[in-house]
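# Structural features, examined
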Amino acid sequence: MISQLARTIKASPTLKLNEAAAKLREKGEPVIHLGGGEPKSKAPLDAILNCATQLNTGEIRYAPADGLPAMKKAVIRYTEEYYDRKVGPEHVVVSSGAKQSIMTLLYTILEPKDEVIFPAPYWVSYPEMVKLAGGVPVAVVPEDGTFQPTLREIEETIGQYTKAIILNSPNNPSGVVYSREFVAGVVELCERHNLWLVMDDLYNRLVFDGTVVPNAYQFARDLGESSKLVVVQGVSKMYAMTGFRIGWAIANKQVCEAMANIQSHQTSGPVTVSQWAAIGALSGVQNSIESLRLTLENNRNVLVDRLRTIAGVNVTKPSGTFYCFPDFSAYSFDSQKLAEFLLERVRVVTVPGKEFGMEGRLRISFCGTIKDIMDGVERIKWALDPAAPNELFLGDRKLVRDWQ
Ligand SMILES: Cc1ncc(COP(=O)(O)O)c(C=O)c1O
């Protein structure tokens, strides 16, 4: 009934979990959602005002497929300020979310069966996107059990079909920020092997403890029109504007032209009202990012402290994002089963590590409230740790642990 390609594509596990949690909530179940992928703060006021002004005109029309000129201008300013890099409008493609930026880029650069390498753990969509574009996803799992492979491990994976490497730093789901040496090394590897390097920088303003996220442009030798370095960014995470669906790519002129052509047949370009909101966010008062960053840093500290009270759970402190990727293998190596168990027994939503290419782990988000983080971890601890008290109250329902 459906195509071979469609059969190979899994639903986004995070969106599926949202649905499952919403259904349970509708039934009145006290669900705590620690699986989410979006900050709970409001969009910046400048975004809303700019968008409302546009809406009030009642004239919402088609716009250029690769973005409104004003939006490109805002992106150019952003790139100059935060990447110290001057680009022109011909180097910018605005899309319906960074997700579409990456998807369109893959359509642009991949031939059938080309391989795309990315380190594990990886964002759940990379393998599916690569497959959709006709390519073959290749994950590199760090042998030393950390979240950053060595350059040797990356280089050993490069073969005759390798076309691109995707780096996502800070990384969803681990929160790790790849080191300067690693990013510089991958830039050098890509230039030497003539590969595309896609920097998915969506979370690079949401970092903690004064961490500096290496800027790949600094290490590139070729920054001209033959450069194969592509930076992907968007407003979803840093401005808490996930629903507006605006992201962008910075790439060489030829790639941007091809991406614009593809988008012109896909969506005819990103929603103009959303672009006005993004322009407002990028050009307006910037304090919402710092306030979100501070909230997340505090949430992270609470989450990590609490998780470390669960016997046997191994936690690497995230340096950025709003995700933590603790190792629960002392309890179960099967992350799917573990996540289902936690949802069924204590109504806590987490995302199985398997979805990110690493078993024995769960992705736990800290973009929600402190109360949800504390109560959620207390429930997880109660469900798993034999040293935890035997009883737990979910609302006015008393649970008694009757399993080992
Ligand atoms: C690593 C990463 N890249 C890209 C995206 C896509 O973001 P959006 O399409 O909302 O801009 C996400 C969203 O979860 C992400 O985690």
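First, a word on scope: everything that follows refers to the structure included in this document. (Residues numbered from 1 in each chain as written. Predicted model: local features only at pLDDT ≥ 70, side-chain atom pairs only at ≥ 80, totals over all residues.)

Close contacts around the ligand come from 13 residues, with Gly-97, Ala-98, Lys-99, Gly-234 and Ser-236 the closest. In terms of residue class, the shell around the ligand is built from three nonpolar, eight polar and two charged. (Near = placed C-beta within 6 Å. Nonpolar A, V, L, I, M, F, W, Y, C, P; charged D, E, K, R; others polar.)

With that settled, consider the nonpolar core. By size, the foremost hydrophobic cluster in this structure holds 115 residues, and its most contacted members are Ile-165, Leu-197, Val-198, Val-230 and Ala-278. With residues up to four places along the chain from it excluded, the contact list for Val-230 reads Leu-105, Trp-196, Val-198, Met-199, Ala-249, Ile-250 and Ala-251. (Core = buried A, V, L, I, M, F, W, Y, C linked by C-beta atoms within 7 Å. Buried ≥ 20, exposed ≤ 12 C-beta atoms within 10 Å, placed from the backbone. Contact = placed C-beta atoms within 7 Å.)

Here we come to the pairing of strand β8 (residues 247-250). Residues Gly-247 and Ala-249 line one face of β8 and the alternating positions Trp-248 and Ile-250 line the opposite face, and both faces are buried. Across four bridges, strand β2 (residues 92-95) lies against β8 in antiparallel orientation. Among the inter-strand pairings, Val-92 is bridged to a residue of β8, identified as Ile-250. Pairing of strand β7 (residues 229-234) with β8, which is carried by four bridges, proceeds in the antiparallel orientation. Its bridge partner lying in β8, Val-232 is registered against Ala-249. (Helix = DSSP H or I, 4+ residues; strand = E, 2+ residues; numbered from the N terminus. Pairing = 2+ DSSP bridges.)

Further remarks concern unusual backbone geometry. Cis geometry marks the peptide bond from Ala-120 to Pro-121; its omega dihedral reads 0°. Its location among the elements puts Pro-121 in the loop between β3 (115-119) and α6 (125-132). The step from Ser-169 to Pro-170 runs through a cis peptide bond, and the omega angle for that step is -5°. For Pro-170, the location among the structural elements is in the loop between β5 (162-168) and α8 (180-193). Not every positive phi belongs to a glycine, and Asp-84 is a case in point at roughly 55°. Here Asp-84 falls in the exposed class, since 10 other C-beta atoms lie within 10 Å of it. Positive phi, normally seen in glycine, also occurs at Asp-209, with a value near 55°. Locating Asp-209 in the fold gives a position in the loop between β6 (196-200) and β7.

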